[in-house]
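Residue strings, one per chain:
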Amino acid sequence: MFTVYSFVVLALVYITECKEVYIPSYIQPCDLKDSKFSECVKQQIESALDKFTKGIPEMGVPSIDPVELENIYIDGNGLNLSFTEPAMHGLSNSKLTDLQVEIGKTEETFSLAFKGNMSLTAKYVVDGRILILPITGKGDAIVDAQGVEVKIDSKLVHVKDSDGGLHFKLVHPKYKYTIDRTIFDLKNLFNGNKQLAHTTLQFANENWQQLMDELSPPAIKQIVRTVVKAINKFFSKVQIKDIVLGYNERVQD
């Protein structure tokens, strides 16, 4: 006899099997068999980039603008400089400059490049010399980095979730970057001596490249790590078949 209990069990099974995965309306699947597949993927990322960087709470994807960085320390060449509570702002205003996606082949890859103006805010403490000029002080810091372009190259692998669904995952990412110009604004240099501060900051901004050779690597590394983590969080929430139509599902080692 078909009981109420049986009905409830069947209903639960039906609901479980038919549950839908949340995907933002601004992200549409692309058809791998379409000759314009790469163009479709690029268009999707271009339209979603600013929204993605602000986070997708429904999918557990956090905001990455600003990017909360670990403390940065520069100690060498006669300069001791620390940035604490640093945060990088501006990713949401970046523009996609390149995209290369190779999927459906033996080795799958994902390359993404974006460019924009970013600013680092932090508390700083400095003592020593910038090349030939002495510098000392502590306070608030703003570092405006103009024309920052970051390119991330990564392998794509497949991972299975607990239900057997296949998901993309970025692994072993490599990156490179360029910066057009940087302007430093360190408040309260020389205990507020405006004349000394003006001269030193002018010199620092004229020789920004030497400072950024020390500052950029740890900051960019953390930005890349945060971006890759956010992308993988998104991938973990959607199966490959939900974002790539016509995909031949297979598990990669």
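Look a little higher up for the structure.
These numbers come from a predicted model, not from an experiment.

Trainee: Looking at this structure, I do not really get the overall build of the chain. What am I missing?
Mentor: Along the chain, the regular secondary structure elements total five helices and ten strands. Looking at the chain alone, contacts between residues at least 24 apart form 70% of all its contacts between residues at least 6 apart. Carbon and sulfur atoms make up 53% of the accessible area of the chain, which amounts to about 14,700 Å² in all.

Trainee: Would you mind going over the pairing of strand E7 (residues 133–160) with me for this structure?
Mentor: Put simply, side chains in a regular strand alternate between the two faces of the sheet. In this structure, strand E6 (residues 108–130) lies alongside E7, joined through 22 bridges in antiparallel fashion. Of the residues in E7, the one forming a bridge with glutamate 108 is leucine 156. Taken together, E6 and the strand that follows it, E7, pair antiparallel across an intervening segment of two residues, in which leucine 131 is found at a positive phi of about 60°. Pairing of E7 with strand E9 (residues 181–186) involves six bridges; the strand directions are antiparallel. Looking across to E9, one finds that aspartate 144 is bridged to isoleucine 183. Pairing of E7 with strand E8 (residues 166–178), which is carried by eleven bridges, proceeds in the antiparallel orientation. Paired with isoleucine 152 across the strands is tyrosine 175, a residue of E8. Between E7 and E8, which pair antiparallel in sequence order, lie five residues; one of them, glycine 164, sits at a positive phi of approximately 90°.

Trainee: What exactly am I supposed to notice about the side chain of histidine 158 here?
Mentor: Mapped onto the elements of the fold, histidine 158 is located in strand E7. A polar side-chain atom of histidine 158 sits 2.9 Å from a polar atom in the side chain of glutamate 108. A polar contact is formed between the side chain of histidine 158 and the side chain of tyrosine 247, at a distance of 2.8 Å.

Trainee: Please clarify how the pattern of salt bridges should be interpreted in this entry.
Mentor: Charged atoms that come close allow side chains of opposite charge to pair. Considering all chains together, one arrives at six salt bridges under this definition. Aspartate 242 is paired through a salt bridge with lysine 241; the nearest N and O atoms lie 3.5 Å apart. Taking relative accessible area as the criterion, lysine 241 reaches 44% and is therefore assigned partly exposed.

Reading guide: rules and limits
- Residues numbered from 1 in each chain as written.
- Predicted model: local features only at pLDDT ≥ 70, side-chain atom pairs only at ≥ 80, totals over all residues.
- Heavy atoms only, no water.
- Helix = DSSP H or I, 4+ residues; strand = E, 2+ residues; numbered from the N terminus.
- Contact = heavy atoms within 4.5 Å.
- Areas by Shrake-Rupley, 256 points an atom, 1.4 Å probe, with all protein chains shown as cover.
- Pairing = 2+ DSSP bridges.
- Polar contact = N/O pair within 3.5 Å; in protein donor to acceptor, adjacent residues only side chain to side chain.
- Salt bridge = Lys/Arg side-chain N within 4 Å of Asp/Glu carboxyl O.
- Buried < 20%, exposed > 50% of the residue type's maximum accessible area, 1.4 Å probe, protein only.

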